[in-house]
Amino acid sequence: VQLQAFGGGLVQAGGYLRLSCAASGRTLSSYVLGWFRQAPGKEREFVSAINWSGSSTTYADSVKGRFTISRENAKNTVYLQMNSLKPEDTAVYYCATGAQVRWWRAPIRDAYDYWGQGTQVTVSS
């Protein structure tokens, strides 16, 4: 499975971005898909995840109410709509998936087998 994330960029605080992650090599319609981020000098942290059908989503408290995850299985793609961006959202954002990710483990980094290359999001104050 290959994942490619894109859509990052430089935006002012209060602005928005939409990240996309396209998968190839396998159909991911039955997989949990997640987004993580890593700021300089910090651990990679969970942002959001979505189950195979899109009927269940989960978010880190820090992004709840501002970010929305969605997926389009026909395009093997997951999205992260990020609104009301803050400087503390600045990080490299990664998408991830894995055949063995159980929903209760979706916020756990080590649950995922496949990672995209990351896309930089920079929010200026």
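Shown above is the structure to which this text applies.
So, how was this worked out
Residues numbered from 1 in each chain as written. Predicted model: local features only at pLDDT ≥ 70, side-chain atom pairs only at ≥ 80, totals over all residues. Heavy atoms only, no water. Helix = DSSP H or I, 4+ residues; strand = E, 2+ residues; numbered from the N terminus. Rg over C-alpha atoms; globule rule 2.2 N^0.38 Å. Buried < 20%, exposed > 50% of the residue type's maximum accessible area, 1.4 Å probe, protein only. Contact = heavy atoms within 4.5 Å. Areas by Shrake-Rupley, 256 points an atom, 1.4 Å probe, with all protein chains shown as cover. Lys, Arg positive; Asp, Glu negative; His and termini not counted. Charge placed at Lys NZ, Arg CZ, Asp CG, Glu CD. Core = buried A, V, L, I, M, F, W, Y, C linked by side-chain atoms within 4.5 Å. Salt bridge = Lys/Arg side-chain N within 4 Å of Asp/Glu carboxyl O. Disulfide = S-S within 2.5 Å. Polar contact = N/O pair within 3.5 Å; in protein donor to acceptor, adjacent residues only side chain to side chain.

A. The overall build of the protein, seen in detail. A tally of helices and strands in the protein yields zero helices and eleven strands. Each helix and strand of the protein, ordered N terminal to C terminal, gives the series β-β-β-β-β-β-β-β-β-β-β. Here the C-alpha radius of gyration of the protein, 13 Å, is about what a compact globule of 125 residues would show, namely 14 Å. C-alpha atoms of the protein, sized along the principal axes, occupy 40 × 25 × 25 Å. Buried positions account for 43% of the 125 residues belonging to the protein. Summarising the internal contacts of the protein: among those between residues at least 6 apart in sequence, 57% fall at separations of at least 24. Taken as a whole, the protein presents about 6400 Å² of accessible surface, with 47% of it coming from carbon and sulfur. Positive and negative side-chain charges in the protein, numbering 13 and 8 respectively, have mean positions lying 5 Å apart.

B. Focus on unusual backbone geometry. The residue Asn76 is not glycine, and still its phi comes out positive at about 55°. Along the polypeptide, Asn76 turns up in the loop between strand E7 (67–72) and strand E8 (77–82). Using a relative accessible area of 16% as the deciding quantity, one classes Asn76 as buried.

C. Seen up close, the side chain of Thr77. Along the chain, Thr77 turns up in strand E8. Each residue touching Thr77, except ones within four places of it in the same chain, is listed here: Ser20, Cys21, Ala22, Arg71 and Glu72.

D. Highlighting the nonpolar core. Trp35, Phe67, Leu80, Met82, Tyr93 and Tyr112 are the most contacted members of the largest nonpolar core, which has 36 residues in total. Listed by contribution, the elements that provide at least two residues to this core are strand E1 (2–6), strand E3 (17–24), strand E4 (32–38), strand E5 (45–50), E7, E8, strand E9 (91–98) and strand E11 (119–124). For Phe67, the residues in contact, after removing those within four places along its chain, are Arg37, Val47, Tyr59, Leu80, Gln81, Met82, Asn83, Leu85, Asp89 and Tyr93.

E. Highlighting the pattern of salt bridges. If you walk through the whole model with that rule in mind, you get seven salt bridges. Between Glu45 and Arg37 there is a salt bridge, with the nearest N and O atoms lying 2.7 Å from each other. In this structure, Lys64 and Asp61 form a salt bridge, with 3.1 Å as the shortest nitrogen-oxygen distance. Each of the two residues, Lys64 as well as Asp61, counts as exposed. Overlapping salt bridges bring together Arg37, Glu45, Arg66 and Asp89 as one network.

F. Quick peek at the state of the cysteines. Evaluation of the coordinates by the stated rule reveals one disulfide. A disulfide bridge connects Cys21 with Cys95, and the sulfur atoms are separated by 2.0 Å. Classification of the bridge connecting Cys21 and Cys95 rests on its S-S torsion, roughly 65°, and on that basis the disulfide is right-handed. Separated by 74 residues along the polypeptide, Cys21 in strand E3 and Cys95 in strand E9 bring together distant segments of the chain. Residue Cys21 shares its accessibility class with Cys95, and that shared class is buried.

G. Main features of the side chain of Arg37. Relative to the elements of secondary structure, Arg37 occurs in strand E4. A distance of 2.7 Å separates polar atoms of two side chains, one belonging to Arg37 and the other to Glu45. Here the side chain of Arg37 touches Ser62 through a polar contact of 3.4 Å, side chain to side chain. Not counting chain neighbours up to four residues away, the residues in contact with Arg37 comprise Glu43, Arg44, Glu45, Val47, Ser62, Val63, Phe67, Glu88, Asp89, Ala91, Val92 and Tyr93.

Read these as layout, nothing more, since geometry by itself doesn't imply function.
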